[in-house]
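Observations on the three-dimensional arrangement
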Amino acid sequence: MEKVAYRFYLDDEKEEKWINEMAAQGWHLKKFSLGRFTFTKGEPGAFVYRNEFVAGKSSMEKKDYFEFLKDSGIAIVHEFGGWVYMKKPGAEGPFELYTDTSSKIGYYKRKLNNFLILFFINALMGAINISFLGDGSMTQYINSSVGIMNIAAALLIAVPTIKVIQRKRELNKSREFFE
């Protein structure tokens, strides 16, 4: 039995928590795309899921990383848009992808760099397209519409960017506290 659920999260950690709540009810993630999740019915709690942002890694780096995960008993569920979901048997308990503070900060830096690039590209393109206001032509109307969509995309990207900045700061503070 399959189930499709539609949810849109701007916080990947909240999304991961929801995926694990679904797994606890016996709905196991099969694939995902932007806001669309496909689950199959199975044993409740059979798997624990993690997500990770892998955009920015070369295809060889991803291949090596996925092979490392497989050797660690972690299965790749699905990859889409720079994100990957993976699972491990629930009987083995929860698992962490980054076990030390420095590697987690490095992950947040990589994630932040990608988010900031997307934010600035969309904000810049939005400003450029909107700045062509004036002659009332159809081309101008289209440019302005695209510009508004770029600004909206930039604002949507700003939300997870701010969350990543906050999480990175918290980790840096805790690392400084313990050093």
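Look up a bit, the structure's there.
Each chain has its residues counted from 1, running along the sequence as written. pLDDT decides what is reported in this predicted model: residues at 70 or higher carry local features, side-chain atom pairs at 80 or more are listed and counted, and totals for whole chains, interfaces and linings draw on all residues regardless. As a rule here, side-chain values come from all non-hydrogen atoms in the structure, and water together with hydrogens is ignored.

Regarding the sheet that holds strand β2 (residues 27–33)
Selection criterion: Between any two strands, at least two bridges found by DSSP are needed for them to pair. Put simply, DSSP marks the helices as runs of H or I at least four residues long and the strands as runs of E at least two long, and each gets a number from the N terminus on. Axis definition: a line fitted to C-alpha atoms, over the contacting stretch in the case of helices. Angles run 0 to 180 degrees between N-to-C directions. Here a residue-residue contact requires only that any non-hydrogen atoms of the pair lie within 4.5 Å.
Spatial ordering of the open sheet is given by β1-β3-β2, a layout of three strands whose pairing is antiparallel. Looking along the sheet, the strands with just one partner apiece sit at the ends: β1 (2–6) and β2. Within this sheet the neighbouring strands show an average axis-to-axis angle of 25°, counted without direction. As judged from the five bridges shared by β1 and strand β3 (residues 36–41), these two strands associate in the antiparallel manner. Bridging from a neighbouring strand, glutamate 2 pairs with threonine 40 of β3. The sheet strands contacting helix α1 (residues 12–24) are β1, β2 and β3, and the helix crosses β3 at an angle near 20°.

Here we look at the pattern of salt bridges
Our working rule: By convention in these notes, a salt bridge is any Lys or Arg side-chain nitrogen within 4 Å of a carboxyl oxygen on Asp or Glu. Partly exposed describes any residue whose relative accessible area lies between the buried limit of under 20% and the exposed limit of over 50%, with all areas from a 1.4 Å probe on protein chains only and scaled to the type maximum.
Counted according to the given criterion, the structure contains 11 salt bridges. The closest approach of N and O atoms between arginine 167 and glutamate 13, which form a salt bridge, is 3.4 Å. With arginine 167 in helix α4 (residues 138–178) and glutamate 13 in helix α1, this residue pair connects regions lying 154 residues apart in the sequence. Classification of arginine 167 as buried rests on a relative accessible area of 14%. The partly exposed category is assigned to glutamate 13, whose relative accessible area is 35%. Lysine 62 is the partner of glutamate 79 in a salt bridge, and the nearest nitrogen-oxygen pair spans 2.7 Å. Pair noted here: glutamate 79 is in strand β5 (residues 75–80) and lysine 62 is in helix α2 (residues 59–71), with a separation of 17 residues, a long-range link. Here glutamate 79 falls in the partly exposed class, since its relative accessible area comes to 31%.

As for the layout of surface pockets
For clarity, the threshold we go by: With a 1 Å grid spanning the protein atoms alone, the term cavity applies to any set of points in which a 1.4 Å probe fits but cannot get out, the term pocket to an open set with protein on both sides within 12 Å along at least five of seven lines, and the term lining residue to any residue with an atom within 4 Å of a point. Grid points are joined across faces, edges and corners, and a volume is the space filled by probe spheres set on the points. All amino acids are sorted into three groups, where Ala, Val, Leu, Ile, Met, Phe, Trp, Tyr, Cys and Pro are nonpolar, Asp, Glu, Lys and Arg are charged, and the leftover types, Gly among them, are polar.
The space that makes up the largest pocket amounts to roughly 680 Å³. For the lining of the largest pocket, the secondary structure elements donating two or more residues are α1, β2, β6 (83–89), α3 (101–130) and α4. The greatest single-element share of the lining of the largest pocket, amounting to four residues, is contributed by α4. For the lining of the largest pocket, a count of residues per class yields 17 nonpolar, four polar and four charged. Of the voids in this model, the second largest pocket is the one considered here, and its volume is about 190 Å³.

Looking at the sheet that holds β5
Within the open sheet, the three strands sit side by side as β4-β6-β5. Their pairing is antiparallel. Looking at strand neighbours, the two that pair on one side only are β4 (47–53) and β5, the edges of this open sheet. Here the strands of the sheet are splayed against their neighbours by 20° on average, with no regard to which way each runs. Direction of pairing for β5 relative to β6: antiparallel, over a ladder of five bridges. Within β6, the position partnered with isoleucine 76 by the bridge is methionine 86. Packing against the sheet, α3 makes contact with β4 and β6, and its axis sits at approximately 55° to β4.

Description of the nonpolar core
Proteins that are soluble and globular tend to have nonpolar side chains buried together. Threshold: The criterion is simple. A nonpolar core is a set of buried Ala, Val, Leu, Ile, Met, Phe, Trp, Tyr and Cys residues joined through side-chain atoms within 4.5 Å.
Residues Tyr65, Phe66, Leu69, Met86, Phe95 and Leu97 are the most contacted members of the largest nonpolar core, which totals 20 residues. Per-element accounting of this core gives the leading share, five residues, to α3. Not counting the four nearest positions on each side in its chain, methionine 86 is found in contact with Val48, Tyr49, Arg50, Glu52, Leu69, Ile74, Ala75, Ile76, Val77, Phe95 and Leu97. Ranked by size, the runner-up nonpolar core spans 13 residues in total, among them Trp18, Leu29, Phe32 and Val77.

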